[in-house]
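# Topology and contacts: notes
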Amino acid sequence: MVEMHVLNRLRALAEHRRWFLGLAPTARCGWLTVALVAVEGGGLSSRVESVAHRRVRLPTELAQAYRRLRAGRRNRPGDTALLAARLAESSAALLDDFAAEVAPVWQRLSAVALHGPGLWRRADGLIGYSGLCDAARLADQTGLNVIDGFPDRDLAQDGRGRPLLPVKDEQQV
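Summary of the structure given here. (Residues numbered from 1 in each chain as written. Predicted model: local features only at pLDDT ≥ 70, side-chain atom pairs only at ≥ 80, totals over all residues. Heavy atoms only, no water.)

Turning to the packing of helix α2 (residues 60-71) against helix α3 (residues 79-101), a few remarks are in order. Look at α2 against α3: their axes get within 10 Å of each other, and the N-to-C directions meet at 150 degrees. One way to sum up the angle between α2 and α3 is to call them roughly antiparallel. For the crossing formed where α2 meets α3, the hand is left-handed. Where α2 abuts α3, its residues Leu-62, Ala-65, Tyr-66 and Leu-69 lie against Asp-79, Thr-80, Leu-83, Arg-86, Leu-87 and Ser-90. (Axes fitted to C-alpha atoms, helices over the stretch in contact; angles between N-to-C directions. Helix = DSSP H or I, 4+ residues; strand = E, 2+ residues; numbered from the N terminus. Parallel < 35°, antiparallel > 145°, perpendicular 65-115°, else oblique. Left-handed = near helix turned anticlockwise from the far one by under 90°. Contact = heavy atoms within 4.5 Å.)

The next subject is the packing of α3 against helix α5 (residues 135-142). Their axes nearest at 8 Å, the elements α3 and α5 cross at an angle of 30 degrees. One element, α3, and the other, α5, form an angle in the roughly parallel class. Between α3 and α5 lies a crossing of right-handed hand. Listed contacts from α5 to Ala-85, Ala-88, Glu-89, Ser-91, Ala-92 and Leu-95 of α3 are Arg-137, Leu-138, Gln-141 and Thr-142. Of the residues in the contact of α3 with α5, the class split is five nonpolar, three polar and two charged. (Nonpolar A, V, L, I, M, F, W, Y, C, P; charged D, E, K, R; others polar.)

These figures capture arrangement, not role.
Here's what the structure looks like:
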């Protein structure tokens with residue numbers, strides 16, 4: 001059930017901010033979280049605020065399929081694509097439910113940033129990553145712009161493919 005104070009707050013803020021959704025399954029595909037993020041300002045002076053979020057449990061079959069793929073057991077050629085399609089379907093259902101909670105800004109959403117579990121492989125000095133949510137299917141089902149491939153792009157730019165770790169700056173201590 002949507003609380004009125006949240007809806008009233010969103011209506012008041014909707015005009016002055018840019019709106020995004022962050023969507024992320026947990027590392028083992030057990031849960032799926034969506035967060036509504038508001039951005040105000042630009043560049044280094046931007047302010048980012050997480051306004052609302054929801055977390056739901058994913059079907060057990062998804063977590064089991066993910067574990068099988070990671071372990072390399074009994075994989076058929078289409079198993080990865082099927083898991084990606086199922087994860088997109090579950091994500092679209094969550095976004096459909098979440099839309100009612102954030103209705104005042106839903107039409108103003110710029111994009112969904114999708115970061116999910118993937119399969120990693122290291123061989124011959126290379127690191128490969130394959131994302132496991134069908135972003136095209138998710139975009140088609142929701143009508144929203146979906147941004148994904150964050151680890152792929154980072155690897156292509158000689159990164160580690162993972163979020164940065166906070167490191168203490170000795171000069172500022």
